[in-house]
Amino acid sequence: MTDDSGKAGHSLWGGRFSAKPADLMRRINASIDIDRRLAGEDLAGSRAHAAMLADTGVIGRGDEQAIQRGLTLIEAEMAAGTFPFREELEDIHMNVEARLTELIGPAAGRLHTARSRNDQVALDFRLWVREACDRSAAGLRDLQRALTKRAEETADALMPGFTHLQPAQPVTFGHHLMAYVEMFGRDAGRFEDARARMNECPLGAAALAGTSFPIDRQATARALGFDRPTANSLDSVSSRDFALEALSAAAICATHLSRLAEEIVIWMTPGFGFITLSDAFTTGSSIMPQKRNPDAAELIRAKVGRILGSLVNLTVVMKGLPLAYGKDMQEDKPPTFEAFDALELSLAAMTGMINDLTPNRAAMAAAAGAGFSTATDLADWLVRRLGLPFREAHHVTGRAVARAETLGVDLADLPLADLQALEPRVSADVYEVLTPAASVASRTSHGGTAPVQVRAQITRWKEILA
């Protein structure tokens, strides 16, 4: 292979190779179109490494100053969009090193002392994933704030609670939204846990065995915001479990987003009519002028496939690799970048929809009593007031539902005589528990749907999210 200077061999590969690779080899080997996203991380790692090499006396201070100056020039070129990315240099690391050599000359060659592309990419990728976890956690907190605000406005707004998508018991819209606040809180916690676990610096592991130079790995770890350096050089360059853990958290989070998106789609249908979204988060039809489609929710619902696929993708890449580095690991970045791009967009879109939606209190309240949703309240009343065993109360209530169904009325409209025919001790005050509002107000157990409990949940989360 002939480099730009016309010498045999590649200036970055050294003297081992004399013939150039096949064009197909160059194309399959290059990753610069993907890993150019790691440019900022690569520059940060190089700055920290150069400073440490000078501080430990491995390189001279003059060389370090030249390197730092050159890296600043490269950063400016990247910001201006003028940096000359070249496919034949394969990746972001060699592109930066080659450009640094053009800018400052031989001093650039000292930057790669006591490091390898193996620990360099492990560092860059870990820095990127760490920041992606921070962005995702921040996006989740924004979504939780939006949900909490909506929940506070609707803490007493009646709606049906469902099991099997069948009316089960009345709840409040605020209570329903706060369920997602809890879910997304756990999601944020998973990203925070993953971040804490990955916050060890692999720089200095070199190719796989460490280095004979007297480097200070604690110094580079501190400079890059890590808690400590990684403890084993083989593990440092071999592992991508930090990305797998982050992708696992992303997949779970996307599943929760998809569930909420599905409910938004359902709630917007005319059969439900529980909410409306403005033009900002809906689209129309090319042929049916009456349509208002919740496309943003539908697209969020679909993103879980892309994100879960990324987790499976990287898991399969890593599952059969011996230690230490294999070129297979170059395929770690595309699925990770794709997953977090999709997740961050989905979080922002969902936050926008929650801020945008308008609840239809009347439609939700009308549906809250459908399907004999206060049947459990009747059974509880029979237990509490008459001392019936719950299983017997359950049977009495079931017969009461059957009788109301025969008469075509709700439980609250079932004549007292019909109730007394099933259980003679039933009194007229049973009707106090047979309305959706009464049912909701009675659910005062910790975490229940009673407005007083919903407001307590809201207060707690407002303090957490403040």
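Nothing here was measured: the structure is a model prediction, and the numbers come from that model.

What to know about the packing of aromatic side chains
Then comes step 1: According to the stated counting rule, one finds ten aromatic pairs in the structure shown.
Then comes step 2: Grouped by ring-pair contacts, the aromatic residues Phe125, Trp128, Phe191, Phe242, Phe337 and Phe340 constitute a single cluster.
Then comes step 3: One Lys or Arg, Arg135, reaches over the ring of Trp128 and ends 5.3 Å from the middle of that ring.

Focus on the nonpolar core
Then comes step 1: Counting residues in hydrophobic clusters, the biggest one holds 98 residues, and the most contacted among them are Phe191 and Met350.
Then comes step 2: It is helix H10 (residues 241-268) that contributes the most residues to this core, 18 residues altogether.
Then comes step 3: Once you skip the residues sitting within four places of it in the chain, Met350 turns out to touch Leu143, Leu257, Leu260, Ala261, Ile264 and Ile300.
Then comes step 4: Core analysis: the second largest hydrophobic core is formed by 20 residues, Phe372, Leu382, Val433 and Leu434 among them.

Some words on the pattern of salt bridges
Then comes step 1: Tallying each qualifying case throughout the model produces 32 salt bridges.
Then comes step 2: The salt bridge involving Asp63 is made with Arg110; its shortest N-O contact spans 2.7 Å. Remark: Arg110 occurs in the loop between helix H5 (92-104) and helix H6 (117-153) and Asp63 occurs in helix H4 (residues 61-80); sequence separation between them is 47 residues.
Then comes step 3: Looking at Arg110, the relative accessible area reads 44%, which means it is partly exposed.
Then comes step 4: A salt bridge links Arg86 to Glu102; its shortest N-O distance comes to 3.3 Å. Of this pair, Arg86 sits in the loop between H4 and H5 while Glu102 sits in helix H5, and the two are 16 residues apart along the sequence.
Then comes step 5: One network of salt bridges, with partners in common, ties together Glu77, Arg86, Glu88, Arg99 and Glu102.

Notes on the pairing of strand S1 (residues 158-163)
Then comes step 1: The pairing of S1 with strand S2 (residues 166-172) spans six bridges and is classified as antiparallel. Looking at the pairing, Thr163 lines up with Gln166 of S2.
Then comes step 2: In sequence, S1 turns back onto S2 through a hairpin of two residues, with His164 there showing a positive phi of about 55 degrees.

Digging into unusual backbone geometry
Then comes step 1: Looking along the chain, the bond that leaves Leu323 and enters Ala324 is cis, with omega of 10 degrees.
Then comes step 2: Of note, Ala324 is situated in the loop between helix H11 (295-318) and helix H12 (333-356).
Then comes step 3: Backbone geometry at Leu165 places phi at a positive 60 degrees, although glycine is not the residue there.
Then comes step 4: Note on placement: Leu165 falls in the loop between S1 and S2.

Details of the confidence of the model for the protein
Fine structural detail should not be taken from predicted coordinates in areas where pLDDT scores are low.
Then comes step 1: On average, the protein scores 92 in pLDDT, and the residues at 70 or more come to 94%.
Then comes step 2: Predicted confidence is poor over residues 1-9, with pLDDT under 50, and the contacts of this stretch with residues over four places away or in other chains come to 16 contacts.

Overview of the packing of H6 against helix H7 (residues 173-198)
Then comes step 1: Packing of H6 against H7 brings their axes to within 9 Å, and their N-to-C directions diverge by 165 degrees. By the angle between their directions, the pair H6 and H7 is classed as roughly antiparallel. Helix-helix and strand crossings are classified by hand; for H6 and H7 the assignment is left-handed.
Then comes step 2: Among the residues forming the contact of H6 with H7, the class breakdown is 16 nonpolar, five polar and eight charged.

What counts, and where the lines are drawn
As a convention, each chain's residues are numbered from 1 in the sequence order in which they are written. Residue-level local features of this predicted model are given only where pLDDT is at least 70; pairs of side-chain atoms are given and counted only at 80 or more, and the full residue set underlies all totals for whole chains, interfaces and linings. Computation of side-chain values: all heavy atoms of the structure, hydrogens and water removed. Aromatic rings from Phe, Tyr and Trp, with only the six-membered ring used for Trp, were paired whenever their centres fell within 6.5 Å, and each pair was classed as stacked if the ring planes differed by under 30 degrees, edge-to-face if by over 60, and tilted otherwise. Our definition puts a charge over a ring when NZ of Lys or CZ of Arg is within 6 Å of the ring centre and also within 35 degrees of the ring normal. Joining through side-chain atoms within 4.5 Å is the link that ties buried Ala, Val, Leu, Ile, Met, Phe, Trp, Tyr and Cys residues into a set, and such a set is a nonpolar core. Burial status follows relative accessibility: with a 1.4 Å probe on protein chains alone, a residue under 20% of its type maximum counts as buried, one over 50% as exposed, and anything between as partly exposed. Helix numbering and strand numbering both begin at the N terminus, where a helix is a DSSP run of H or I of at least 4 residues and a strand a DSSP run of E of at least 2. Here, two residues are considered to be in contact whenever any of their heavy atoms come within 4.5 Å of each other. The salt bridge definition used is simple: a Lys or Arg side-chain nitrogen within 4 Å of an Asp or Glu carboxyl oxygen. Two strands form a pair only when DSSP identifies at least two bridges running between them. The pLDDT value tells you how sure the predictor is about a given residue, anywhere from 0 up to 100. Interaxial angles span 0 to 180 degrees and are taken between N-to-C directions of axes, which are lines fitted to C-alpha atoms, for helices over the stretch in contact. Angles below 35 degrees are treated as roughly parallel, those above 145 as roughly antiparallel, those between 65 and 115 as roughly perpendicular, and all remaining angles as oblique. With the far helix as reference, a near helix turned anticlockwise by less than a right angle produces a left-handed crossing, and one turned clockwise produces a right-handed crossing. The nonpolar class holds Ala, Val, Leu, Ile, Met, Phe, Trp, Tyr, Cys and Pro. Asp, Glu, Lys and Arg form the charged class, and all remaining residues, Gly among them, are polar.

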